[in-house]
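The residues making up each chain are set out below.
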Amino acid sequence: MLDQVKLQIYRYIQELRDERVEKLFVRIPFGKMLRSKLILQIAPSKEAIGLAAMVELIHMASLLHDDVIDEANLRRGKPSINVTFGNKSAIMLGDILYSKAFYELSSLPAPLPQIISNAVTLLSLGELLDVELARSFNPDIDRYMDMIYKKTASLIEASAMAAAQIAGKDTRRYGLYGKNLGLAFQIVDDILDITQDEATLGKPTMSDLKEGKTTLPYIYLYEALDEKGRERLLSLFKKELSNEERSWLQERLRDTKSLDRAKQKAMQLGQEALECLDKEDERLRSIMTQLIDRTY
Ligand code: FPP
Ligand code: MG
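Computed from a predicted structure; not experimentally measured.

Engineer: Account for the overall build of the protein, with residues named and values stated.
Structural biologist: In terms of regular secondary structure, the protein is built from 16 helices and two strands. Rg of the C-alpha trace for the protein: 19 Å, near the compact-globule value of 19 Å for 296 residues, within the 12% margin. Projected onto the principal axes, the alpha-carbon positions of the protein cover approximately 60 × 45 × 30 Å. Among the 296 residues that make up the protein, the fraction classed as buried is 51%. Summarising the internal contacts of the protein: among those between residues at least 6 apart in sequence, 73% fall at separations of at least 24. Of the side chains in the protein, 42 bear a positive and 45 a negative charge, and the two mean positions are spaced by 2 Å.

Shown next as structure tokens:
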């Protein structure tokens, strides 16, 4: 069914009748399509395929803008659109995908457009918060959790809620599942940034700290270090790391169990997500466990 979502996305793109957009669009590789998997699992229906295609377009648009903001060179292992075609084209392609998705969304019955558009506002507020938090090292867990809820979990929560609405299921329960799954997903992503190599990640390893992102493992590390260690950690914030500095960070993150603590937090959120589900939702359980145990 994911193939049908991809087909629907291509149909939406073709409806724009613009060769330049088609040329740019084919350079964006599809990702894991987590949001579509979730939507189709909760509501296996034709209506859900359209919804999933709209959500994927919104997600792609947000990543196009995010790569401009983060000055990223790689996305999913391929040169990002901002690098190949420049920032201006990347921003405009993002706007085109985003507004096409909203045009389609506006013909769905209430409250689906409201559920999704509310999440896009949160998504944008989350990105703004991410940009502002990147100004200095952020040791505050609550601000980090608020930021990842908005930036990542909100659209996953909204996808699950909207699918539940289509399927006549409990939107509150499925929304909570999506929210916890989204939070766990982002924390696992933050851990993988530290533990995986560039070939696996499709982007340089340990790029978060260099981009000014104080992710959960670094917040736990800050808590665990003594005065001198903290000073060294702060001195590496937003810096191009040498091999020696990289190894120092990797070792400290391991021996203070900061990575383990972050993994435990992701697992705890995963557990909370599963508690929202009925026993028969086996596939949704496996989406969660695959997501926690993934290596990329
Ligand atoms: C990736 O974060 C970024 C997001 C999940 C959201 C970005 C949202 C916006 C740019 C708001 C604009 C929205 C629209 C619809 C135009 P990351 O940088 O931590 O992850 P990465 O490592 O995958 O880049
Ligand atoms: Mg980014």
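Structure shown, so let's carry the discussion forward.
Engineer: An account of the coordination of the magnesium ion (ligand 2) is requested, with residue identities and associated values reported.
Structural biologist: For the magnesium ion (ligand 2), the full set of protein donor atoms is Asp 66 (OD) and Asp 70 (OD), and the range of their distances to it is 2.0 to 2.1 Å. Residue Asp 66 shares its accessibility class with Asp 70, and that shared class is buried.

Engineer: Give me the site of ligand 1: which residues, what numbers.
Structural biologist: Contacts to ligand 1 come from 14 residues, most closely from Asp 70, Arg 75, Lys 151, Lys 203 and Lys 213. The contact in question runs from an oxygen atom of ligand 1 to an N or O atom on the side chain of Lys 151, over 2.6 Å. Here Lys 213 contributes a side-chain N or O atom positioned 2.8 Å from an oxygen atom of ligand 1. Within the complex, 89% of the 640 Å² of free accessible area of ligand 1 lies under protein. Partitioning the shell around ligand 1 into residue classes produces four nonpolar, three polar and seven charged.

Engineer: Give me the lowdown on the packing of aromatic side chains, citing residues and values where you can.
Structural biologist: Applying the stated criterion to the full structure yields five aromatic pairs. Aromatic side chains Tyr 98 and Phe 102 sit 4.9 Å apart centroid to centroid with 45° between the ring planes, which places their arrangement in the tilted category. On the criterion of helical spacing, the pair formed by Tyr 98 and Phe 102 is a turn pair, its members being four residues apart in helix H6 (residues 87-105). What makes Tyr 98 partly exposed here is its relative accessible area of 33%. Here the aromatic rings of Phe 137 and Tyr 222 are separated by 5.4 Å at their centres, their planes lie at 40°, and the arrangement is tilted. One end of the pair, Phe 137, is in the loop between helix H7 (112-133) and helix H8 (141-167); the other, Tyr 222, is in helix H12 (residues 216-224), and 85 residues separate them in sequence. Note on accessibility: Phe 137 and Tyr 222 belong to one class, buried. The structure contains a cluster of three or more aromatic residues connected by ring pairs, namely Tyr 10, Phe 25 and Phe 30. The cationic tip of Lys 179 hangs over the ring face of Tyr 149; the distance from NZ or CZ to the ring centre is 4.7 Å.

Engineer: Provide a residue-level description of the packing of helix H15 (residues 258-275) against helix H16 (residues 282-293), including the pertinent values.
Structural biologist: Contact geometry of H15 with H16 gives a least axis separation of 10 Å together with a crossing angle of 175°. Accordingly, the angle class assigned to the pair H15 and H16 is roughly antiparallel. Residues Lys 263, Ala 266, Met 267, Gly 270, Ala 273 and Leu 274 of H15 lie in contact with H16, whose contacting residues are Arg 285, Met 288, Ile 292 and Asp 293. In the contact of H15 with H16, the residues fall into six nonpolar, one polar and three charged.

Engineer: How would you explain the packing of helix H4 (residues 46-69) against H8 if you had to name every residue and give the values?
Structural biologist: Put simply, H4 and H8 touch, their axes get as near as 11 Å, and they point 165° apart. One way to sum up the angle between H4 and H8 is to call them roughly antiparallel. Both H4 and H8 take part in a crossing whose hand is right-handed. Two secondary-structure elements touch here, H4 through Glu 47, Ala 48, Leu 51, Val 55, Ile 58 and His 59 and H8 through Leu 155, Ser 159, Ala 162, Ala 163 and Ile 166. For the contact of H4 with H8, the residue count by class is eight nonpolar, two polar and one charged.

Engineer: Tell me what's going on with unusual backbone geometry, and back it up with residues and numbers.
Structural biologist: Note the cis peptide between Ala 110 and Pro 111, where omega equals 5°. In this structure, Arg 17 is a non-glycine residue whose phi angle is positive, near 50°. When you line up the elements, Arg 17 lands in the loop between helix H1 (2-15) and helix H2 (19-25).

Conventions we followed
Within each chain, residue numbers correspond to sequence positions counted from 1 in written order. Here every chain gets a letter starting at A, and every ligand a number starting at 1, in the order they are written. For this predicted model, a pLDDT threshold of at least 70 governs which residues receive local features, and a threshold of 80 or more governs which side-chain atom pairs are given and counted, while totals over whole chains, interfaces and linings are taken from all residues. By convention in this description, side-chain values take in all heavy atoms of the structure and omit both hydrogens and water. For helices the rule is a DSSP run of H or I covering at least 4 residues; for strands it is a run of E covering at least 2, with both sets numbered from the N terminus onward. Just to be clear, the radius of gyration here is over C-alpha atoms, and the globule rule we use is 2.2 Å times residues to the power 0.38. Partly exposed describes any residue whose relative accessible area lies between the buried limit of under 20% and the exposed limit of over 50%, with all areas from a 1.4 Å probe on protein chains only and scaled to the type maximum. The contact criterion used throughout is that any non-hydrogen atoms of two residues lie within 4.5 Å. The sign given to each residue is positive for Lys and Arg and negative for Asp and Glu; His and the chain ends receive no count. Note on charges: their place is set at NZ of Lys, CZ of Arg, CG of Asp or CD of Glu. Here a donor is any nitrogen, oxygen or sulfur atom (N, O, S) within 2.8 Å of the metal, with 3.2 Å used for Na, K and Ca; water is not among the atoms considered, so some sites may look incomplete. By convention in these notes, a residue is near a molecule or strand provided one of its non-hydrogen atoms lies within 4 Å of it. Side-chain atoms alone can form a polar contact between residues adjacent in sequence; in general such a contact is a pair of N or O atoms within 3.5 Å, and within protein one must be able to donate a hydrogen while the other accepts it. Residue burial considers only the protein chains on display, and all accessible areas are found by Shrake-Rupley using a 1.4 Å probe. The classification used treats Ala, Val, Leu, Ile, Met, Phe, Trp, Tyr, Cys and Pro as nonpolar, Asp, Glu, Lys and Arg as charged, and all other residues, Gly among them, as polar. For this analysis, a ring pair means two rings from Phe, Tyr or Trp (six-membered ring only for Trp) whose centres lie within 6.5 Å, classed as stacked if their planes differ by under 30 degrees, edge-to-face if by over 60, and tilted for the remaining angles. Placement of a positive charge over a ring is assigned whenever Lys NZ or Arg CZ falls within 6 Å of the ring centre and within 35 degrees of the normal to the ring plane. Every axis corresponds to a line fitted to the C-alpha atoms, with the helix fit spanning only the stretch in contact, and the corresponding angles, defined between N-to-C directions, vary from 0 to 180 degrees. Any angle that falls under 35 degrees is termed roughly parallel, while one over 145 is termed roughly antiparallel, one within 65 to 115 roughly perpendicular, and all others oblique. Left-handed describes a crossing in which the near helix is turned anticlockwise from the far one by less than a right angle; the clockwise case is right-handed.

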